[in-house]
Amino acid sequence: MAFNGLNENEVQKSRETHGSNSLTEVKGETFIRKLLLNFTDPMVKILIVALLINIIILLLSNMGIVETEIEWYEPLGIALAIILATLVSTFSEYRNENAFKKLQESASKILCKVYRNGQNIVEIPIDDVVCGDLVLLQSGDKIPADGIIIDGSIKADQSVLNGESAEAPKNAVPDDYTEDGTPLDTLNPYKIFRGTIVCSGNAVAKITSVGDKSEYGKIAAELQQDTDRESPLKVKLSALAGGISKFGYIGGIAIAAAFILSRIFETGLGIYFDGSFAGTLIKDFLDAIILAVIIIVMAVPEGLPLMIAIVSAQNMGKMLKDNVLVRKIAGIETAGSLNILFSDKTGTITKGLLETVSFTDGYGTEYKSCKSINGKLGQLLVMAISENTNAIINGDKVIGGNATERAVLAFAKDSLSKDSGKAEKIAALPFNSADKYSATTLSFGNTNITAIKGAPEKILKKCRYFFDSEGNKHTADDNWIIEKRIDELAKRAIRVLAIAISDDVITDEKLPEGGWTLVGILGIRDEVRPESVTSIAEVQKAGVQVIMITGDRKDTAVAIANDAGIFNIIDPVIMTSDELASMSDDEIKKVLPKIRVIARALPTDKSRLVRLSQELDLVTGMTGDGVNDSPALKKADVGFAMGGGTEVAKEASDIVILDDNFNSIQKAILYGRTIFNSIRKFIVFQLTINVTAVAVSFICPLLGMDNPLSITQILWINLVMDTLAALAFGGEPALQRFMDEKPKTRTEPIVSKLMWTQIITGAFWAFIISLSFLLLRPLQYMFLETDTEAFSTYNSSGGLFKIPVLNNIPAADGTLFRDLYTGYFALFVFLAVFNAFNARTEKTDLFDNIKGNFGFLKILGLIVVIQAALIYVGGAIMNCYGLTFIQWIVVLGLAVSIIPIDLIRKLIIKMRAKKSAV
């Protein structure tokens, strides 16, 4: 049949009338948009409030309304912390998004064979196809747009739209065909749809819908709606931010009250009744508020947002090397918090590729490979396979034919001889739905035989004989064991194909029946990936419920799930889509914890299950590759799209699994847990510092002494040192033992009870050490200049404890306490450095898995070097004036004491855990 394609004018007119075949590009977030969104992070919001308060106080100070110790570089430091944290996280996400766009660009480079300008067939990009185009479809082609078959026939894989793995026959429309308007009618034998694959056959299709108007495009358009909900980490950080805010309100009031009371005890009530009541009260009140703000700012973990950004960025790079492309930075940590994972079967748990996994001869003996079939039987099998197929071998690959033919020929490929395929083909019978077999008559000189391949139920009843391993014929009896073997294979979800030979030849497109000889039966299946079995077991051990969702029949789904290890509980529930539809939401919620398989699943089933899981407050994951999976991928807390899947599915996802392997999902979960544990370690490290600093800064003014840490020292501790510590903790390795932990719920506090014990223990000890260093006279004297007049005055009174305050001394003698405060700055920093080893691991071995993060030692070493340098060159800016060797020994000896204190805490917890286990 001759086909006349559209000319250039008709193409232009069609494009103007019906639109382009390109899909409307998903509006990606610009760098600025991503940056602004990152400013909504709960911890960043607190820093912004602290920044504004600092700026207001500075302005009031410049106006002469209040006096403050806050310098211009304090708000500048907080601003830098905010900018660095948001920039790092924005840049990481933006960089991965660009990598994702490059991955998507390949989709628009697909070429289609189209009739244009008469009878010419030309190849054009998929985006250039228009309504009315006549497209030539051949085996392996991806259908470019919706349309109808007008000539020929094909079998199409429509699983990207309906989840069904069965190939759908598509035939030429009859003359009286009319479109009924049913959307996404994949059962229509004449309609084809964009994104589906031609498995076999040849046809010409007329395009009726393009671009966004295709069924594929309509689903893609629906996904433009924003349905994101807050990630578990954001929920936890919001709770932490709320706690810090409450602490700020309560602490501010308490500090203000304590400061006023200390003023009263120090000078008496008379100061408020000496004629300047209002002025004195307002000044003291403002001083109290300023003190409260300083302490609250110290309490805020400024380094936390930056740490989260750094650790996420570092792990995004590692994950990409493991074939996991993170599109949304929140998706990493969310993967680690998964409670339930709905996984696609084909291509994720299984290889997504049909394989011949066994051959069984007439005696019921099973062979796992063609090479293991010795003698004449093996030669007959190779001949029957290689001469009766539409597939061909091209180098190391098998191409052409349908998926089943490729799987069968691949089984025999390595056993083919040089003479294979040289027999003369006299006649052939193509496969048809009535006979359910194909046959080819071959001529070997004076001998003619016919090779037959097809459904066992059709072929076995026509076989009177079967071959033994030497090629000798034996009569088949009524209790043939081969039928029992077929039943056994069916229970393992293995499709069976019979191979037979006949001495008769095909005549007038018919093959005489009866007297056929069975060569054997081939078992074909989409095999479970070996690594999937291990990965599923790891994920289940991590407390994640894995539910396999497939469009396959129930018995096939059960067999695959059994081989994959999905059934990890007693009495698992296996349901079909129909059974699911007959149940109410509440009924499904009750049985959900036991569900392991959903068979014959529809796209709506996936979205419904995600919604119900989220209503149960479960962190929900969904994997998928088809257009039909996209709504569920979008709705899930974390959507895993397969790299080989549709562009729409990948656009809807948070994470793209580039190698389509469940093993990579397991890695994503492990990385997510690694990030969460690293964040928790850093929180322990920083909150211990902050709580200590708050406690010391609170108590010192009440004792009548200055804050021992200057503003610049606090800035160094909160920003520079914490930034370096963020890098140190961010490099922690992904340890397999993290998969032994139970999943964290969405609302579980980010700071656990165990963490609070470590924070409070460390902060309490650091506080005691701080007060001892500042107030205990024997320690004080090691850091005072004893040969000065000021020291003589200071030493004239006091007991074991003495507040380092000296009133009415000459300004020249103000250096009395500078070595003491220099020593305290060093002590405070080294307490933090040694406590970093405590925070890094929950084990008593502080160097546990340190080989996986040598950067930790390098960065802490850098902090030590910088701190030592500051002690000698900091001068008036850092309020540091050097230390003697003996003073260093005292500082380091006191600082290192925090390690045994925490080790004792760990041992007590370990002993209690053992007792409770008994």
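Nothing here was measured: the structure is a model prediction, and the numbers come from that model.

Engineer: Give a detailed account of the overall build of the chain, specifying residues and quantitative values.
Structural biologist: Secondary structure assignment for the chain yields 31 helices and 26 strands. Counting every position in the chain, which comprises 918 residues, the buried fraction comes to 52%. Partitioning the intrachain contacts of the chain with sequence separation of at least 6 by distance along the chain shows that 72% fall at a separation of at least 24.

Engineer: Quick one: what's the story with the packing of helix α27 (residues 818-840) against helix α28 (residues 854-873), residue by residue and with numbers?
Structural biologist: For the pair α27 and α28, the least separation of the axes is 10 Å and the interaxial angle reads 175°. Taken together, the axes of α27 and α28 lie roughly antiparallel to each other. Contacts between α27 and α28 involve Thr-822, Phe-825, Ala-826, Val-829, Phe-830, Val-833, Ala-836, Phe-837 and Arg-840 on the former and, on the latter, Phe-856, Leu-857, Leu-860, Ile-863, Val-864, Gln-867 and Ile-871. Tallied by class, residues from the contact of α27 with α28 come to 13 nonpolar, 2 polar and 1 charged.

Engineer: Would you mind going over unusual backbone geometry in detail, with residue names and values included?
Structural biologist: One non-glycine residue, Asp-571, lies in the positive phi region at around 55°. For Asp-571, a relative accessible area of 55% puts it in the exposed group. Even without glycine at this site, Asn-879 takes up a positive phi of about 60°. Summarising the element assignment, Asn-879 is placed in the loop between α29 (875-878) and α30 (885-896). By relative accessible area, which is 23% here, Asn-879 ends up partly exposed.

Engineer: I'd like to hear about the packing of aromatic side chains, residue by residue, with values.
Structural biologist: Following the criterion strictly, the structure yields 16 aromatic pairs and no others. A ring pair is formed by Phe-3 and Tyr-115, whose centres lie 5.4 Å apart and whose planes are at 50°; its orientation type is tilted. A residue pair is termed long-range when its members are at least 10 positions apart, and Phe-3 in the segment before α1 (8-18) and Tyr-115 in strand β1 (residues 111-116) qualify at 112 residues. The same class applies to Phe-3 and to Tyr-115, which are both buried. Measuring from ring centre to ring centre gives 6.1 Å for Tyr-824 and Phe-828, while their planes differ by 55°; the resulting arrangement is tilted. In this pair, Tyr-824 and Phe-828 both sit in helix α27, 4 residues apart, roughly one turn of the helix. Aromatic rings pair up to connect Phe-682, Phe-685, Phe-729, Phe-837, Phe-847 and Phe-856 into one cluster. A cation over a ring is seen here: Arg-840 above Phe-856, with NZ or CZ 5.6 Å from the ring centre.

Engineer: Explain empty space enclosed by the protein to me, using residue names and the numbers behind them.
Structural biologist: Evaluated as defined, the whole model comprises 3 cavities of 30 Å³ or more. In this model, the largest cavity occupies a volume close to 80 Å³. If you trace the largest cavity, you find it lined by Thr-688, Ile-689, Thr-692, Ala-766, Phe-828, Leu-831, Ala-832, Asn-835 and Ile-898. Every element with two or more residues in the lining of the largest cavity is listed here: α22 (662-702) and α27.

Engineer: Can you break down the sheet that holds strand β9 (residues 340-344) residue by residue, with the values?
Structural biologist: In spatial order, the strands read β8-β26-β25-β24-β9-β21-β23-β22; together these 8 strands make up an open sheet with mixed pairing. Across the chains shown, the open sheet's two edge strands, defined by having one partner strand only, are β8 (324-326) and β22 (573-576). Recorded for the sheet is a direction-independent mean angle of 20° between the axes of neighbouring strands. Where strand β24 (residues 620-624) and strand β25 (residues 638-642) come together, 4 bridges link them in parallel fashion. The residue bridging Gly-624 from the neighbouring strand is Ala-641, located in β25.

Engineer: Can you break down the environment of Gly-672 residue by residue, with the values?
Structural biologist: Tracing the chain through its elements places Gly-672 in helix α22. Separated by 338 residues in sequence, Gly-672 and Thr-334 have C-alpha atoms that sit 6.6 Å apart. In this view, Gly-672 contacts Ile-332, Glu-333 and Gly-336; residues no more than four positions away in its chain are not counted.

Engineer: So what about the side chain of Ser-653? Which residues, and what values?
Structural biologist: Mapped onto the secondary structure, Ser-653 falls in the loop between α21 (647-652) and β26 (655-657). Using a relative accessible area of 0% as the deciding quantity, one classes Ser-653 as buried.

Engineer: Quick rundown of the pattern of salt bridges? Include the residues and the values.
Structural biologist: It is possible for side chains bearing opposite charge to pair when their charged atoms get close. All chains considered together, the criterion is met by 31 salt bridges. Asp-414 is paired through a salt bridge with Lys-413; the nearest N and O atoms lie 3.4 Å apart. Taking the relative accessible area as the measure of exposure, Asp-414 reaches 54% and is therefore exposed. A residue is classified by how much of its surface remains accessible, and Lys-413, at 22% relative accessible area, is partly exposed. A salt bridge links Lys-541 to Glu-538; its shortest N-O distance comes to 3.9 Å. Linking Lys-541 with Glu-538, this pair stays in helix α15 (residues 530-541), spanning 3 residues, or about one helical turn. Judged by relative accessible area, Glu-538 falls into the buried class, the value being 19%.

Engineer: Can you tell me about helix α2 (residues 31-38), naming the residues and giving the values?
Structural biologist: For α2, the full list of buried residues reads Lys-34, Leu-35 and Asn-38. Seen along its axis, α2 keeps its buried residues to an arc of 100°; they face one direction. Opposite the buried face of α2, at more than 90 degrees from it, the exposed residues are Ile-32 and Leu-36.

Engineer: Would you mind going over the packing of helix α11 (residues 375-386) against helix α12 (residues 403-412) in detail, with residue names and values included?
Structural biologist: Here α11 crosses α12 at 145°, and the two axes come no closer than 9 Å. Considering the relative orientation of α11 and α12, their crossing is left-handed. On α12, the residues that touch Leu-381, Val-382, Ile-385 and Ser-386 of α11 are Val-408, Leu-409, Phe-411 and Ala-412.

Engineer: Describe the nonpolar core, listing the residues and the values that go with them.
Structural biologist: Across soluble globular proteins, nonpolar side chains have a tendency to be buried as a group. Core analysis: the biggest nonpolar cluster contains 123 residues, and Phe-640, Ile-679 and Phe-685 have the highest contact counts within it. No other element matches the 18 residues that α22 contributes to this core. Listed in part, the 29 residues of the second largest apolar core include Ile-373, Val-382, Ala-384 and Leu-409.

Engineer: Go over a nonpolar patch on the surface with me, naming the residues and quoting the values.
Structural biologist: Judged by side-chain polarity, Leu-52, Ile-55, Leu-59 and Met-63 come together as a nonpolar surface patch covering roughly 390 Å² of accessible area. If you trace the backbone, Ile-55 turns up in helix α3 (residues 42-62).

Engineer: An account of the confidence of the model for the chain is needed here, citing residue identities and associated values.
Structural biologist: Residues shown with low pLDDT carry predicted positions that ought not to be read at fine detail. Here the chain averages 81 in pLDDT, while 82% of its residues score no lower than 70. Counted against residues more than four places away or in other chains, residues 275-279, with its pLDDT under 50, gives 1 contact.

Engineer: Kindly report on the pairing of strand β4 (residues 146-157), identifying the contributing residues and their values.
Structural biologist: Within a regular strand, the side chains alternate between the two sheet faces. Sheet topology note: the β4/strand β7 (residues 197-209) ladder contains 11 bridges and is antiparallel. If you follow Ser-153 over to β7, its bridge partner there is Asn-202. Bridge count for β4 against strand β5 (residues 168-171) is 4 bridges, and the pairing is antiparallel. Directly across from Ser-153, in β5, lies its bridge partner Asn-171.

Engineer: Hey, could you go over helix α19 (residues 603-615) for me, with residue numbers and the actual values?
Structural biologist: In this model, α19 (13 residues) spans 19 Å end to end at C-alpha, consistent with the 18 Å of a helix rising 1.5 Å per residue. Looking one or two places after α19, you find Asp-617, whose phi comes out positive at around 65°.

Engineer: If you had to explain the pairing of strand β19 (residues 495-502) to someone new, which residues and values would you point to?
Structural biologist: Most of β19 sits out of view: 7 of its 8 residues are buried. Pairing analysis gives 5 bridges linking strand β16 (residues 447-454) to β19, with the strands arranged antiparallel. Bridging from a neighbouring strand, Ala-451 pairs with Ile-501 of β19. Bridge count for β19 against strand β20 (residues 516-528) is 7 bridges, and the pairing is antiparallel. Bridge pairing in β20 places Ile-499 opposite Gly-520.

Engineer: A description of the side chain of Arg-529 should follow, citing residues and the corresponding values.
Structural biologist: Among the structural elements, Arg-529 can be located in the loop between β20 and α15. Those residues in contact with Arg-529 that lie beyond four places of it in its chain are Gly-347, Thr-348, Ile-349, Thr-350, Lys-351, Asp-659, Asp-660 and Asn-661.

Engineer: Talk me through the environment of Thr-841; I want residue IDs and the actual numbers.
Structural biologist: Tracing the backbone shows Thr-841 in the loop between α27 and α28. Thr-841 gets classed as buried once you look at its relative accessible area, which sits at 3%. Among the polar contacts made by the side chain of Thr-841, one reaches the main-chain amide nitrogen of Lys-843 at a distance of 3.0 Å.

Calculation rules
Residues numbered from 1 in each chain as written. Predicted model: local features only at pLDDT ≥ 70, side-chain atom pairs only at ≥ 80, totals over all residues. Heavy atoms only, no water. Helix = DSSP H or I, 4+ residues; strand = E, 2+ residues; numbered from the N terminus. Buried < 20%, exposed > 50% of the residue type's maximum accessible area, 1.4 Å probe, protein only. Contact = heavy atoms within 4.5 Å. Axes fitted to C-alpha atoms, helices over the stretch in contact; angles between N-to-C directions. Parallel < 35°, antiparallel > 145°, perpendicular 65-115°, else oblique. Nonpolar A, V, L, I, M, F, W, Y, C, P; charged D, E, K, R; others polar. Phe/Tyr/Trp six-rings, centres within 6.5 Å; stacked < 30°, edge-to-face > 60°. Lys NZ or Arg CZ within 6 Å of the ring centre and 35° of its normal. 1 Å grid on protein atoms, 1.4 Å probe; cavity = no way out; pocket = protein on both sides within 12 Å on 5 of 7 lines; lining within 4 Å. Points joined across faces, edges and corners; volume = space filled by probe spheres on them. Pairing = 2+ DSSP bridges. Salt bridge = Lys/Arg side-chain N within 4 Å of Asp/Glu carboxyl O. Arc of directions from axis to C-beta. Left-handed = near helix turned anticlockwise from the far one by under 90°. Core = buried A, V, L, I, M, F, W, Y, C linked by side-chain atoms within 4.5 Å. Patch = residues over 30% accessible without salt bridge, like charges linked within 9 Å, V, L, I, M, F, W, Y side chains within 5 Å. Areas by Shrake-Rupley, 256 points an atom, 1.4 Å probe, with all protein chains shown as cover. pLDDT = per-residue confidence, 0-100. Expected span 1.5 Å × (residues − 1). Polar contact = N/O pair within 3.5 Å; in protein donor to acceptor, adjacent residues only side chain to side chain.

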